[in-house]
Amino acid sequence: MSDSSTGTTRKHTALPKARILIEALPWLTRHHGKTVVIKFGGNAMVDEELKAAFAQDVVFLRHAGLKPVVVHGGGPQISAALDRHGIVSEFKAGLRVTTEDAMDVVRMVLAGQVQRELVGLLNRHGPLAVGLTGEDAHTITATKHTPEIDGESVDIGRVGEITEIDTGAIEALLADGRIPVVSSIARSKDDGDAGHVYNVNADTAAAALAAALGAETLMVLTDVEGLYEDWPHSDEVISRLTASQLEKLLPELSSGMVPKMEGCLHAVRGGVRTARVIDGRVQHAILLEIFTDEGIGTMVVPDETAQGSEGGAA
């Protein structure tokens, strides 16, 4: 085969790659310089290949001109560590009952294990990621959360309800080109509760940070394809809905989806342009969501954009 024919073959085989890059161009333009908050959880947090793909996606966003902020919890890791310490895992109202002893383990796992691993995965690609918890620089302030079950207040220990967000430390890191990785732990600063540390739901923390940062989008990784139309009778995913539509659906949702969808609702009502629940079991789900026409998962938009078209990207 001549050199010219070889060159032609190479051009043809490379063409699909060029088309993929060109398809991403409008999304690159739209999202350049914008902040995107990503809640890291589900299978993506425990599967080695998915973890590596997640880190690649986040670094890609950073090099593509976006400003990613990662928020994480660590349910499976916390449960395993509590078992090792002989502490029984108990849940009430969908939240982990967090005793003083359990809080020490939660703090150790989130800040010392999950966050360290994620920061390490991101930093394989350069000196980019910096870990912090909600305790640092008063990033997340909380007070004791006391849920109601059947009309009765229930004590679930060191579980926090967010009262305030200070984005100063995160914004400084973003301005320096870093990727903040935030553990969902908060501290109280009320006089009667000073110094207490709280376990905060990571979906809720991600939504609160997205709103406070004025993020372009909130992305919540989960272990389902999105919000189902009529689960368990149908596996048809709702691709797009408004804040008001979501609010009407909330009472019917499964307990696991409630904090995720409540977070999406809080985010878009707090100024975030779109919020999306996406399937973290799909490798590179974040890139598919941000840079392709199709998009995946369920996208929530503010009511005023109900008549508009957002395309596939969040």
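Residues numbered from 1 in each chain as written. Predicted model: local features only at pLDDT ≥ 70, side-chain atom pairs only at ≥ 80, totals over all residues. Heavy atoms only, no water.

Asker: Describe the overall build of the protein, listing the residues and the values that go with them.
Answerer: The secondary structure content of the protein amounts to 9 helices and 16 strands. The buried share among the 314 residues of the protein stands at 48%. Here the analysis covers contacts within the protein between residues at least 6 apart in sequence; of these, 71% occur between residues at least 24 apart. Total accessible area on the protein is roughly 14,800 Å²; 51% of this is exposed by carbon and sulfur atoms. (Helix = DSSP H or I, 4+ residues; strand = E, 2+ residues; numbered from the N terminus. Buried < 20%, exposed > 50% of the residue type's maximum accessible area, 1.4 Å probe, protein only. Contact = heavy atoms within 4.5 Å. Areas by Shrake-Rupley, 256 points an atom, 1.4 Å probe, with all protein chains shown as cover.)

Asker: Summarise the packing of aromatic side chains; cite the residues concerned and give the values.
Answerer: Evaluated as defined, the whole model comprises 2 aromatic pairs. Each ring, one from F60 and one from F291, has its centre 5.7 Å from the other, and the planes form 65°; the classification is edge-to-face. Placement of F60 in helix α2 (residues 48-63) and of F291 in helix α9 (residues 285-291) is noted, with a sequence separation of 231 residues between them. Note on F60: relative accessible area 42%, which makes it partly exposed. (Phe/Tyr/Trp six-rings, centres within 6.5 Å; stacked < 30°, edge-to-face > 60°.)

Asker: Can you lay out a negative patch on the surface for me, pointing to particular residues and giving the numbers?
Answerer: Together, E225, E229, D235 and E236 make up a negatively charged patch on the protein surface. You can see D235 is positioned in the loop between β13 (217-222) and β14 (240-242). (Patch = residues over 30% accessible without salt bridge, like charges linked within 9 Å, V, L, I, M, F, W, Y side chains within 5 Å. Salt bridge = Lys/Arg side-chain N within 4 Å of Asp/Glu carboxyl O. Lys, Arg positive; Asp, Glu negative; His and termini not counted. Charge placed at Lys NZ, Arg CZ, Asp CG, Glu CD.)

Asker: How would you explain the side chain of S184 if you had to name every residue and give the values?
Answerer: Relative to the elements of secondary structure, S184 occurs in the loop between β10 (179-183) and β11 (185-187). What S184 contacts, discounting residues up to four positions off in sequence, is H72, G73, L110, Y198, N199, V200, N201, A202 and A205.

Asker: Would you mind going over the nonpolar core in detail, with residue names and values included?
Answerer: Ranked by internal contacts, the top residues of the largest apolar core, which has 43 residues, are I38, F54, L61, V70, L122, I286 and F291. Elements that contribute at least two residues to this core include exactly α1 (3-31), β1 (35-40), α2, α3 (75-84), α4 (100-123), β10, β13 and α9. With 11 residues, α4 is the single largest residue contributor to this core. Apart from residues lying up to four places away in sequence, F54 is in contact with I38, F40, V70, L118, L221 and I286. Judged by nonpolar contacts, the second largest core, of 39 residues, contains V71, Y198, L213 and V277. (Core = buried A, V, L, I, M, F, W, Y, C linked by side-chain atoms within 4.5 Å.)

Asker: Tell me what's going on with α3, and back it up with residues and numbers.
Answerer: Within the span of α3, buried status applies to Q77, I78, A81 and L82. All buried residues of α3 lie within an arc of 135° about the axis, which places them on one face of the element. If you follow the buried residues of α3, they end up packed against β4 (95-96) and α4. Backbone geometry just after α3 places G86 at a positive phi near 70°. (Arc of directions from axis to C-beta.)

Asker: Can you explain the environment of I179? Please cite residues and give values.
Answerer: One can find I179 in strand β10. In sequence terms I179 and G131 are 48 residues apart; their C-alpha atoms lie 8.5 Å from each other. Those residues in contact with I179 that sit more than four places away from it in its chain are V58, V59, R62, P68, V70, L122, L128, A129 and V130.

Asker: Pulling in residues and values, what's your account of unusual backbone geometry?
Answerer: With a phi angle near 55°, H138 is a residue other than glycine that sits in the positive phi range. Locating H138 in the fold gives a position in the loop between β5 (129-133) and β6 (140-144).

Asker: Any details on the pattern of salt bridges? Residues and values, ideally.
Answerer: Applying the stated criterion across every chain yields a total of 17 salt bridges. With a closest N to O distance of 2.7 Å, R107 and E135 form a salt bridge. Here R107 is found in helix α4, whereas its partner E135 is found in the loop between β5 and β6, with 28 residues between them in sequence. Residue class for R107 comes out partly exposed when judged on its relative accessible area of 31%.

Asker: Help me get a handle on the packing of α2 against α4, residues and values and all.
Answerer: Axis separation between α2 and α4 bottoms out at 9 Å; the angle between their running directions is 60°. Judged by the inter-axis angle, α2 sits oblique to α4. Here the hand of the crossing between α2 and α4 comes out right-handed. Contacts from E48, K51, F54, A55, V58 and V59 of α2 reach α4 at E117, L118, L121 and L122. Along the lines of polarity and charge, the residues of the contact of α2 with α4 split into 7 nonpolar, no polar and 3 charged. (Axes fitted to C-alpha atoms, helices over the stretch in contact; angles between N-to-C directions. Parallel < 35°, antiparallel > 145°, perpendicular 65-115°, else oblique. Left-handed = near helix turned anticlockwise from the far one by under 90°. Nonpolar A, V, L, I, M, F, W, Y, C, P; charged D, E, K, R; others polar.)

Asker: Could you give me a rundown of the pairing of β10, with the residues and numbers involved?
Answerer: Burial analysis of β10 places 5 of its 5 residues in the buried class, the great majority of the element. Taking every second residue as pointing to the same face, both faces of β10 are buried, with I179, V181 and S183 on one and P180 and V182 on the other. Taken together, the 5 bridges between β5 and β10 define a ladder with parallel strand orientation. Looking across to β10, one finds that T133 is bridged to S183. (Pairing = 2+ DSSP bridges.)

In short, geometric facts, not functional conclusions.
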